[in-house]
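As a plain string of letters, each chain reads:
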Amino acid sequence: MTRIFAVYVRPLTGDPFERLRDPAPLTSWSWEKGSTWNRVHDMALLALGDVLLIGAAVLPPRPGSRMVPKYELVRFARITHIEMTEHGTTVQVHQTHSFTNTGLRLGPAVNAAMEASRDDGCTPYLVSIGFDMGLLVPGWRQEKHPLPNRLRFSRRIYLDLEFLPKFPSLPGTVSIGLHDDVGRDYYAVNADMDVAVVRDNPFLREHVWPYLPLTADGELDLSHPSVKSEHQIRRDLEAYFDADPRPDKILYANHGAQDVLRLHAFWGHDWNRMPDVIPTWAEDLKALRVRAGDPEMPKQESTEHHALEDARYNRAMHEALIALGAG
């Protein structure tokens, strides 16, 4: 199935998207963090192979206007590469179709491109982002945005910890990883863990310990910048959760009850002591999968049981569920 994301550009003098009105094939597009585009259109949903439907149009001056918009240029471009950082988003695209009649109606252009996609062996699914297509194309049926508003305008943060199951206190916490919807990472190894007990655990010794910062003789490297005291980790966590201007945060973890328990252990499980920026609950990705019928998830290509790599993979799982309408 090919997802087609319908977007529009209002052609104004000095508009930063002016080049989208140039009929030359489009090869890339970038958005700075905090721009109206990034904030409204939630570019974190995009994936390789998705198609952008971009219309440069004269829009009705207000909702309900009977003025029929005229489209100067409509193009379809398939995404071939995505780079998302804390500074913004850049996509590389391959333009497949374009229409340049100034009197063009978007409806026929969409239908033509959808048929072309089918001829290419694709099954298109149209997703309208951030605006009502009915304002642009009379009679157009507005598709449901794949994210409800509570997710579209919230910071999505993905959590994973490695730990001793029988030790819910901080000495049983090995490492913590966080990754959010703009690619902001945090990783720390607990210098105050009970090393002897951790290394005595067969699972941790085989699957977790080898991926920690170690010295040449296999000991924990206390000089490594990722190895930090519980006091430093606590300060770092407060800064991380407070690093985004969006007031709402949603925390996600996979089989996450133990992860949330250990996150809160950095404040002694005392919510009165814990800053307001630290979430008190989390969505469990396993529960979301079960409700969705337990669909197959993308394979994790990175190192398993490394807290940061697992947190990044949690985002990949969540975005796969979002694409299925189950996020």
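Small disclaimer: the values here were computed from a predicted structure and weren't measured.

What to know about the packing of aromatic side chains
With the rule as written, the count across this model stands at four aromatic pairs. Measuring from ring centre to ring centre gives 5.3 Å for Tyr158 and Tyr252, while their planes differ by 25°; the resulting arrangement is stacked. With Tyr158 in strand E7 (residues 155–163) and Tyr252 in strand E11 (residues 249–253), the pair connects residues that are 94 residues apart, well separated along the chain. In terms of burial, Tyr158 and Tyr252 fall into one category: buried. The interplanar angle of 70° and the centroid separation of 6.4 Å between the aromatic rings of Phe266 and Trp267 together place this pair among those described as edge-to-face.

Some remarks on the environment of Asp50
In this structure, Asp50 sits in the loop between helix H1 (36–41) and strand E3 (51–58). Asp50 sits in the buried class, given a relative accessible area of 6%. Expressed as a C-alpha distance, the spacing of Asp50 and Thr80, which sit 30 residues apart in the sequence, is 8.4 Å.

A look at helix H10 (residues 307–323)
The first and last C-alpha atoms of H10 sit 25 Å apart over 17 residues, in line with the 24 Å expected at 1.5 Å per residue. In terms of burial, H10 is a largely internal element, 12 of the 17 residues being buried. Those residues of H10 lying buried are Ala307, Leu308, Asp310, Ala311, Tyr313, Asn314, Arg315, Met317, His318, Ala320, Leu321 and Ile322.

Some remarks on the nonpolar core
In this structure, Ile176, Leu178, Tyr186, Leu237, Phe241 and Leu263 are the most contacted members of the largest nonpolar core, which totals 20 residues. Secondary-structure elements contributing two or more residues to this core are E7, strand E8 (173–180), strand E9 (185–190), helix H7 (230–241) and helix H8 (257–265). Those residues in contact with Leu263 that sit more than four places away from it in its chain are Leu159, Leu161, Ile176, Leu237, Phe241, Leu251 and Ile278.

Thoughts on unusual backbone geometry
Here His255, not a glycine, exhibits a phi torsion of approximately 50°, which is positive. The residue His255 is located in the loop between E11 and H8 in this model. If you check the backbone angles, Asp294 has positive phi at about 55° while not being a glycine. Asp294 sits in the partly exposed class, given a relative accessible area of 41%.

Comments concerning the sheet that holds strand E12 (residues 283–284)
Across the sheet, which stays open at both edges, the six strands sit in the order E10-E9-E8-E7-E11-E12 with mixed pairing between neighbours. Of all the strands in the sheet, just strand E10 (227–228) and E12 have a single pairing partner and so form its edges. Bridging between E11 and E12 involves two bridges; their strand directions are parallel. In the strand pairing of E12, Ala253 is matched with Asp284. Here H7 sits on the sheet and contacts E7, E8, E9, E10 and E11; the angle it forms with E9, its principal contact strand, is near 165°.

Description of the environment of Leu237
With respect to the element layout, Leu237 can be found in helix H7. Exposure remark for Leu237: the relative accessible area of 0% places this residue in the buried category. Along the sequence, Leu237 and Tyr186 sit 51 residues apart, while their C-alpha atoms lie 8.2 Å from each other. Once residues lying within four places of it in the same chain are set aside, the contact partners of Leu237 are Ile176, Leu178, Tyr186, Leu263, Phe266, Trp267 and Ile278.

So, the pattern of salt bridges
As a working rule, side chains carrying opposite charge can pair if their charged atoms are close by. Under the definition given, this model contains 11 salt bridges. Here Arg155 ties to Asp180 by a salt bridge, and the two come within 3.0 Å at their closest N and O atoms. Placement of Arg155 in strand E7 and of Asp180 in strand E8 is noted, with a sequence separation of 25 residues between them. According to the relative accessible area criterion, Arg155 is buried, its value standing at 0%. On the basis of relative accessibility, which here comes to 0%, the residue Asp180 falls in the buried class. Glu319 is the salt-bridge partner of Arg315, the closest N and O atoms lying 2.8 Å from each other. Taken as a pair, Arg315 and Glu319 lie in helix H10 at a separation of four residues, close to a single helical turn. Note on Glu319: relative accessible area 22%, which makes it partly exposed. Where salt bridges share partners, they join Arg155, Asp180, Arg184 and Asp244 into one cluster.

Here's the deal with the confidence of the model for the protein chain
Looking at the protein chain as a whole, the pLDDT averages 76, with 64% of positions reaching at least 70. Contacts from residues 10–17, a stretch scored under 50 in pLDDT, to residues over four places away or in other chains number 14 contacts.

What counts and how
Residues numbered from 1 in each chain as written. Predicted model: local features only at pLDDT ≥ 70, side-chain atom pairs only at ≥ 80, totals over all residues. Heavy atoms only, no water. Phe/Tyr/Trp six-rings, centres within 6.5 Å; stacked < 30°, edge-to-face > 60°. Helix = DSSP H or I, 4+ residues; strand = E, 2+ residues; numbered from the N terminus. Buried < 20%, exposed > 50% of the residue type's maximum accessible area, 1.4 Å probe, protein only. Expected span 1.5 Å × (residues − 1). Core = buried A, V, L, I, M, F, W, Y, C linked by side-chain atoms within 4.5 Å. Contact = heavy atoms within 4.5 Å. Pairing = 2+ DSSP bridges. Axes fitted to C-alpha atoms, helices over the stretch in contact; angles between N-to-C directions. Salt bridge = Lys/Arg side-chain N within 4 Å of Asp/Glu carboxyl O. pLDDT = per-residue confidence, 0-100.

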